[in-house]
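Below are the chains, spelled out letter by letter.
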Amino acid sequence: ALRALCLAGLGAAIGGGAADQCSWRGSGLSQEAGSVEQLSLHCAEGSLEWLYPMGALRLRLAPRLPPTSAAVKGGSPPHITACIKPTGTFRGAQLYLEREGVLELLLPEAPRPHARCFSWLPQEKVALFLQATPHPDISRRIAAFRYELRGDWLAHPALPAASLGTEGACRPCNDTEILMAICTSDFVIRGSIRSVSNDAELQESIIGVSATRIHRQKFPLFQAGGRLGWPVGSIRTPLRCGVKPGPGTFLFTGWLHFGEAWLSCAPRYRDFQRIYEGAQRTRQNPCEFPVD
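The paragraphs below set out a description of the structure included in this document. (Residues numbered from 1 in each chain as written. Predicted model: local features only at pLDDT ≥ 70, side-chain atom pairs only at ≥ 80, totals over all residues. Heavy atoms only, no water.)

**Points about the pairing of strand 8 (residues 116-120)**
Stage number 1. In terms of burial, strand 8 is a largely internal element, four of the five residues being buried.
Stage number 2. Bridging between strand 5 (residues 80-86) and strand 8 involves five bridges; their strand directions are antiparallel. Residue pairing in the sheet places threonine 81 in a bridge with serine 119 of strand 8. (Buried < 20%, exposed > 50% of the residue type's maximum accessible area, 1.4 Å probe, protein only. Helix = DSSP H or I, 4+ residues; strand = E, 2+ residues; numbered from the N terminus. Pairing = 2+ DSSP bridges.)

**Observations regarding the packing of aromatic side chains**
Stage number 1. Applying the stated criterion across every chain yields a total of six aromatic pairs.
Stage number 2. Ring centres 5.9 Å apart and planes at 40° place the aromatic pair tyrosine 269 and phenylalanine 272 in the tilted group. With a gap of three residues between them, tyrosine 269 and phenylalanine 272 both fall in helix 3 (residues 269-281), about one helical turn apart.
Stage number 3. Taking the relative accessible area as the measure of exposure, tyrosine 269 reaches 7% and is therefore buried.
Stage number 4. Taken together, a centroid distance of 6.4 Å and an interplanar angle of 65° make the contact between tyrosine 276 and phenylalanine 289 edge-to-face. A residue pair is termed long-range when its members are at least 10 positions apart, and tyrosine 276 in helix 3 and phenylalanine 289 in the segment after helix 3 qualify at 13 residues. Like phenylalanine 289, tyrosine 276 is buried.
Stage number 5. A connected cluster of aromatic rings, assembled from ring pairs, spans Tyr269, Phe272, Tyr276 and Phe289.
Stage number 6. Sitting over the face of the ring of tyrosine 269, arginine 190 holds its NZ or CZ atom 4.1 Å from the ring centroid. (Phe/Tyr/Trp six-rings, centres within 6.5 Å; stacked < 30°, edge-to-face > 60°. Lys NZ or Arg CZ within 6 Å of the ring centre and 35° of its normal.)

**Details of the environment of cysteine 117**
Stage number 1. Among the structural elements, cysteine 117 can be located in strand 8.
Stage number 2. Given the relative accessible area of 3%, cysteine 117 is considered buried.
Stage number 3. Sequence separation of cysteine 117 and isoleucine 84 is 33 residues, and the distance between their C-alpha atoms is 6.2 Å.

Next up, the structure:
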């Protein structure tokens, strides 16, 4: 019945039109039972909030992403990667990934607040399908989530979502990855590890970092407040990587994921200096970077 409802919605929108925007908010009370409302969002990030879910929503994600260096001539075609993170009060619906007409459950009703990620090639037909779950009462339920889309996540050495197959997320970055990370990461922070705490439920480790120099940060992740006035902040990494606190100065690089910093490469600073100065001598450094 679910597959029939999904395929029935492919033709035309019922109860609503496509919206060229980043986020959508609406109520199932305005939908007819058994209807499928068609939506289309065209941003790299945004949110969806569905109050009193009824019937179904079919959401097409079509971001206008900038070209990515992941598309190398003769290499694999570039992928698009989406991550979905439900709110802690996600109720009243189940979320499916629809790929070439086949449905895969992404979020059951009342899911744990984990991000789920998936990737596809530009020519593949992909959509999200929200199916309202029947309830005997009309209690207030909200199916809400945030989404992020990137065209280059698969090229990153580390990712927070297990659904992307992150076997290599815990291995040390090689020299080429380190040099690319300082040029392209959302943040580049020189500093030391203050603490490491583990969240067993989220399967994440949170690294407390004291920064001695902020080379780049997309948002103010690190702010003054630490001992001796150094900026402090936290960086996340998968729990299975087994991060331990240790002495020394590191160069932390990584990406923003739903407003949180996630670790990519973190060489000891003296090792980074050696790698960068060697690349400079052979003119193979991809960008200029200040080295003390």
